[in-house]
Every structure is written in C-alpha cells, then in structure tokens.
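Chains, contacts and geometry: an overview
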Amino acid sequence: PSPVHPRPLAHTCPATTLNPTHVYTLALGVAHLLNPGVASAGTRIWGTSAGSHTALAFSANLPMLAKEWVWAGGKSLHITDLTICAGAGPSGYWQAAAKNAERSTLIHYPGDLLCPINWNEFQRCPELSGWNTIEVRTPSKWLAPSILGGSLHGYSGLMEELTAEGLRTQDGPTMSLH
C-alpha cells in the first residue's frame, strides 16, 4: 500500500500520455486564445472523482508535455491552481502534481469508499506537504450516508456545484475534469 491509497485500485495505475496530451493541447489553445501574445498562460485545473486521475496525470506530466509542444510557437502553459476533489491517482502523480502547480488543494472525505485516501498518512507524508488539504465533515458519522450517499462519495458532486458557481466570478480559464 502507498502512503496515499490504503489498497491497490485500478485508478492508482499511471495513465498513458494520450489523454493528458489531449488535455494539454486543448488547454494550451484555449489559454492562448484568451491571452494572445502571452508566452506562458496560466490555467486552473479542477479534477473530481475519476476526473481527478486525468487532472493529476496532466499536472504531473506538465514539464514533459511542455517540451513536446514547444514547437507550437514557443507558447507554454502553467497551472496556477490545481484542485482535486474525491481524488484518485498513483502516489507519484500526487507528488509531481504539487510541484508543477503554483497551488494544490485536496478536498476529501476520509471515509470515501469509491476514492479512498489514507487521510492521516497523506497529511503526514513529507513528499505531499505541498498540498493544502480540506477535510469534508458531516455533523455525525451516522448521518454521513444520508448526506453523502452510501459510498460516502456524494460530496464530489456538491463541491463541483459550489466551485463552479464560485469560479464564474473569477477571471481566467478553468478546466473541470469529471
């Protein structure tokens, strides 16, 4: 078991670079359409549940993706904010993703059954100290299934709605992967 995930899961396996490459080229194009003439455009990445794997893979592979696409006019992309809600991904992605983003935030319910993270280990692991962590709480553990659903994963949908509303008032492109 890794310091992040208590047991091996399919979504803890590394991604192929095809999906992050598609996301990179899309983000690069949109960011530079919105910011013409800027050499390095910033973007905010939001990954929820299964989409968090893509967001982590994208951020973890950002230096490699930037080198591959340098021929595209010398423009590049950098991540200003990486937010992962109900996260799932290989341990190495968590470590690299935080290094490649200006700010990284994990929003998580420690009892999540679909995307389990060893919450205490995550917070104690020195390699993951670059992450800001927000713990989702319920008034009582007995009420958690009623509030978050039987898998204790329903907070991901609630957070998506709250964050989407908050992001509408901010400047700059945001990518939501869910």
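Everything below is about the structure shown above.
Read on for an overview of the structure. All values derive from a computational prediction rather than experimental measurement.

1. Remarks on the packing of helix 2 (residues 50–60) against helix 4 (residues 91–99)
Viewed as axis vectors pointing N to C, helix 2 and helix 4 meet at an angle of 55°, and their least axial separation amounts to 7 Å. As far as their axial angle goes, helix 4 and helix 2 are oblique. The element helix 2 and its partner helix 4 pack so that their crossing is left-handed. Here helix 2 contributes His53, Leu56, Ala57, Ser59 and Ala60 to the contact with helix 4, which in turn contributes Tyr93, Trp94, Ala96 and Ala97. Considering only residue class, the contact of helix 2 with helix 4 consists of seven nonpolar, two polar and no charged.

2. Quick look at helix 4
Listed as buried for helix 4 are Ser91, Tyr93, Trp94, Ala97 and Ala98. Viewed end-on, helix 4 has its buried residues packed into an arc of 165°, placing them on one side of the element. Looking at the buried side of helix 4, the elements it contacts are helix 2, strand 2 (76–85), strand 3 (101–108), helix 5 (119–124) and strand 4 (131–135).

3. Describing the state of the cysteines
Counted by the stated rule, this structure contains zero disulfides. For the unlinked cysteine Cys85, the closest cysteine sulfur is that of Cys115, found at 9.3 Å. Judged by its relative accessible area of 3%, Cys115 falls in the buried class.

4. Points about the nonpolar core
General note: in soluble globular proteins, nonpolar side chains tend to be found buried as a group. If you look at the biggest cluster of nonpolar residues, it comprises 30 residues, and the most contacted ones within it are Phe58, Leu77, Leu82, Ile84, Trp94, Leu106 and Trp131. Elements with a minimum of two residues in this core: helix 1 (18–34), strand 1 (40–48), helix 2, helix 3 (62–68), strand 2, helix 4, strand 3 and helix 5. Beyond its immediate stretch of four places on either side in the chain, Phe58 contacts Pro20, Val23, Tyr24, Ala27, Ile45, Leu65, Leu77 and Ile79. Core analysis: the second largest hydrophobic core is formed by 10 residues, Cys85, Val136, Leu148 and Leu152 among them.

5. Some points on the side chain of Asp112
Tracing the backbone through its elements, the reader meets Asp112 in the loop between strand 3 and helix 5. Within the local environment of Asp112, its side chain forms a polar contact with the backbone nitrogen of Cys115, the two atoms lying 2.9 Å apart. Looking at Asp112, its side chain comes within polar contact range of the side chain of Tyr155, at 2.8 Å. Look past the residues within four positions of Asp112 in its chain and what remains in contact with it is Ala86, Ser151, Leu152, His153 and Tyr155.

6. Observations regarding the pairing of strand 3
Among the eight residues that make up strand 3, six are buried, leaving the element largely enclosed by the rest of the structure. Of the pairings in the sheet, the one linking strand 2 to strand 3 comprises six bridges and is parallel in character. For Asp81, the partnering residue across the bridge sits in strand 3 and is Arg103. Traced from strand 2 through helix 4 to strand 3, the parallel crossover comes out right-handed. Pairing of strand 3 with strand 4, which is carried by five bridges, proceeds in the parallel orientation. Looking at the pairing, His108 lines up with Glu135 of strand 4. A crossover links strand 3 with its parallel partner strand 4, the connecting element being helix 5, and its sense is right-handed.

Cut-off values and rules
Residues numbered from 1 in each chain as written. Predicted model: local features only at pLDDT ≥ 70, side-chain atom pairs only at ≥ 80, totals over all residues. Heavy atoms only, no water. Axes fitted to C-alpha atoms, helices over the stretch in contact; angles between N-to-C directions. Helix = DSSP H or I, 4+ residues; strand = E, 2+ residues; numbered from the N terminus. Parallel < 35°, antiparallel > 145°, perpendicular 65-115°, else oblique. Left-handed = near helix turned anticlockwise from the far one by under 90°. Contact = heavy atoms within 4.5 Å. Nonpolar A, V, L, I, M, F, W, Y, C, P; charged D, E, K, R; others polar. Buried < 20%, exposed > 50% of the residue type's maximum accessible area, 1.4 Å probe, protein only. Arc of directions from axis to C-beta. Disulfide = S-S within 2.5 Å. Core = buried A, V, L, I, M, F, W, Y, C linked by side-chain atoms within 4.5 Å. Polar contact = N/O pair within 3.5 Å; in protein donor to acceptor, adjacent residues only side chain to side chain. Pairing = 2+ DSSP bridges. Right-handed = clockwise from strand over helix to strand, strands pointing away.

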